[in-house]
Number of protein chains: 2
Amino acid sequence: MANDETRIQKNRRAQILDAGLEVFSADGFRGATLDGIARAAGLSKPNLLYYFPSKEAIYRELLDTLLDTWLDPLRALDPDGEPLEEMLGYVRRKLRLSRDYPRESRLFAGEILRGAPLIETVLGEELRHLVDAHCAVISAWMAAGRLAPSDPHHLIFSIWALTQHYADFEVQVAAVLGPERDRWAEAEAHLTAHFRRVLAAPSV
Amino acid sequence: MANDETRIQKNRRAQILDAGLEVFSADGFRGATLDGIARAAGLSKPNLLYYFPSKEAIYRELLDTLLDTWLDPLRALDPDGEPLEEMLGYVRRKLRLSRDYPRESRLFAGEILRGAPLIETVLGEELRHLVDAHCAVISAWMAAGRLAPSDPHHLIFSIWALTQHYADFEVQVAAVLGPERDRWAEAEAHLTAHFRRVLAAPSV
DNA sequence: CGTCTCTTTTACCAGACGGTCAAATATTTG
DNA sequence: CAAATATTTGACCGTCTGGTAAAAGAGACG
């Protein structure tokens with residue numbers, strides 16, 4: 001029932017969300033304009049507002065769906081796996097997320113930079129609980145001597161910071177490395193070796 | 001001659017730059033308004049424009065002075081010092097810069113996030129040469145077996161990413177850690193241990 | 001005191017921006 | 001086909017914003 005219409009609407013909405021992601025990630029919420037998003041989506045501004053009630057509504061929907069996919073790599077941590085490989089796998093998945101979805105990464109970074117006015121509660125509730133849960137797993141691994149001991153929270157921060165850096169600060173990385181080098185391949189090799197050294201249990 | 005007037009002007013200009021830093025770092029260039037900066041500076045908007053020709057002029061001056069102080073810790077690397085302590089000292093200086101000047105850190109991060117439209121050339125020239133020079137020093141240390149071998153460029157990226165993360169993503173760090181924990185003290189301890197493990201040469 | 005310069009304010013402008021409205025045009029449905 | 005509905009558009013509005021013009025203070029100096 002009314003499925004054809006729904007499909008048309010879904011297409012348009014997806015089209016608008018993609019345009020919004022493009023513009024919001026490049027210019028930030030305040031820097032982005034409805035005209036710019038409409039142009040990127042190939043629609044007129046009033047037409048765009050026929051599908052979304054406001055500029056903020058587009059932004060909010062982008063943020064909401066983003067948060068889910070953004071935390072997937074962390075959720076994929078397997079408490080029953082081999083600790084070192086699990087952690088290195090997490091690093092690799094997170095880095096590839098930055099490589100394949102740099103717009104999402106920058107959108108998120110911009111929101112946090114501005115003080116996360118729209119997702120403060122999400123950070124303090126959902127994110128915090130999720131991180132705490134996985135920190136418990138990591139702590140257990142460390143206590144069992146299967147990972148080098150350190151503060152699990154700050155360990156996770158270091159993974160976030162290092163992987164997102166390559167997306168969020170891409171122009172800086174590119175400027176310093178020059179155009180010839182393969183940033184992402186080098187990053188994956190470097191981060192793998194880096195975290196292997198940080199995480200590997202001292203003995204055995 | 002005319003030094004009194006100059007002193008008054010310098011005070012006003014400093015006042016405006018501080019207000020600009022406050023507002024620009026919180027809202028980004030496009031999000032900041034002249035009225036907001038004027039209010040933060042305790043001046044009227046036309047009075048503000050008596051000292052600076054435009055909004056962009058304030059932003060540019062902030063960026064220029066920022067870049068200098070931001071690279072000071074790197075310049076302080078001593079090629080004749082003890083490698084591990086030199087690198088750990090760099091990490092500590094950089095982290096304290098993030099702690100003591102979070103507004104500057106966020107201003108810079110925002111500019112890079114938006115593609116660094118105003119400082120692209122600086123990144124590709126000055127910054128790149130400075131980094132290359134210090135990478136040569138680090139490479140020499142590694143070749144001499146005094147530091148664990150890795151890619152010096154990515155090693156520097158990792159220091160930047162980890163230290164700036166605590167300033168640029170402060171709301172996220174605070175939300176995850178909760179209000180009681182001393183973020184900065186923990187960060188310094190964690191990063192010191194972290195990089196000691198990454199950098200320490202394997203044998204003796 | 002009067003003049004000259006430096007500083008500050010009041011009033012204002014032109015353009016951009018988020019959003020609305022009513023009419024026009026497709027599209028579906030009976 | 002016609003009626004009903006969904007979609008698109010052009011014209012428009014109030015507000016915000018960067019910036020300007022001109023005149024009113026405020027000291028400095030003779």
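Residues numbered from 1 in each chain as written. Chains lettered and ligands numbered in written order. Predicted model: local features only at pLDDT ≥ 70, side-chain atom pairs only at ≥ 80, totals over all residues. Heavy atoms only, no water.

Enquirer: I tried to follow the protein's contact with DNA strand D on my own but got confused; where do I start?
Expert: Around DNA strand D, the structure places 17 residues, and the nearest of them are Arg12(A), Tyr50(A), Tyr51(A), Leu34(B) and Lys55(B). By atom count, sugar and phosphate contribute 57% of the portion of DNA strand D lying within 4 Å of the protein. Side-chain polar atom of Ser44(A) to a phosphate oxygen of DNA strand D: 3.2 Å apart, as the coordinates give it. Within the side chain of Tyr51(A), one N or O atom sits 2.7 Å away from a phosphate oxygen of DNA strand D. Taken together, the elements giving at least two residues each to the surface near DNA strand D come down to α1 (3-31) and α3 (45-51) of chain A together with α3 (45-51) of chain B. Classifying every residue of the surface near DNA strand D gives 7 nonpolar, 5 polar and 5 charged. (Near = heavy atom within 4 Å. Polar contact = N/O pair within 3.5 Å; in protein donor to acceptor, adjacent residues only side chain to side chain. Helix = DSSP H or I, 4+ residues; strand = E, 2+ residues; numbered from the N terminus. Nonpolar A, V, L, I, M, F, W, Y, C, P; charged D, E, K, R; others polar.)

Enquirer: Can you help me understand helix α9 (residues 170-177) of chain B in this one?
Expert: Each α-helix turn comprises 3.6 residues. Residues three or four places apart therefore point the same way. The buried fraction of α9(B) amounts to 6 of the 8 residues, a majority that puts the element mostly inside the structure. Buried residues of α9(B): Glu170(B), Gln172(B), Val173(B), Ala175(B), Val176(B) and Leu177(B), and no others. Residues of α9(B) that are buried make contact with α6 (102-113), α7 (120-143) and α8 (152-168) of chain A together with α6 (102-113), α8 (152-168) and α10 (183-199) of chain B. Positive backbone phi, at 85°, marks Gly178(B), one or two positions downstream of α9(B). (Buried < 20%, exposed > 50% of the residue type's maximum accessible area, 1.4 Å probe, protein only. Contact = heavy atoms within 4.5 Å.)

Enquirer: Before we go on, may I ask you to explain the relation of the copies chain A and chain B in this structure?
Expert: What relates the pair of chain copies is a rotation about an axis plus a shift along that axis. Rotating chain A by 180° and moving it 0.0 Å along the rotation axis overlays it on chain B with an RMSD of 0.1 Å. The two molecules are tied by a two-fold rotation axis, judged by turn and shift. Relative to the rotation axis, the closest C-alpha in chain A is found at Ala161(A), a distance of 2.8 Å. The fraction of interface residues of chain A whose copies in chain B are also interface residues reaches 100%, indicating that both copies meet through the same surface. (Least-squares fit on C-alpha atoms with pLDDT ≥ 70 in both.)

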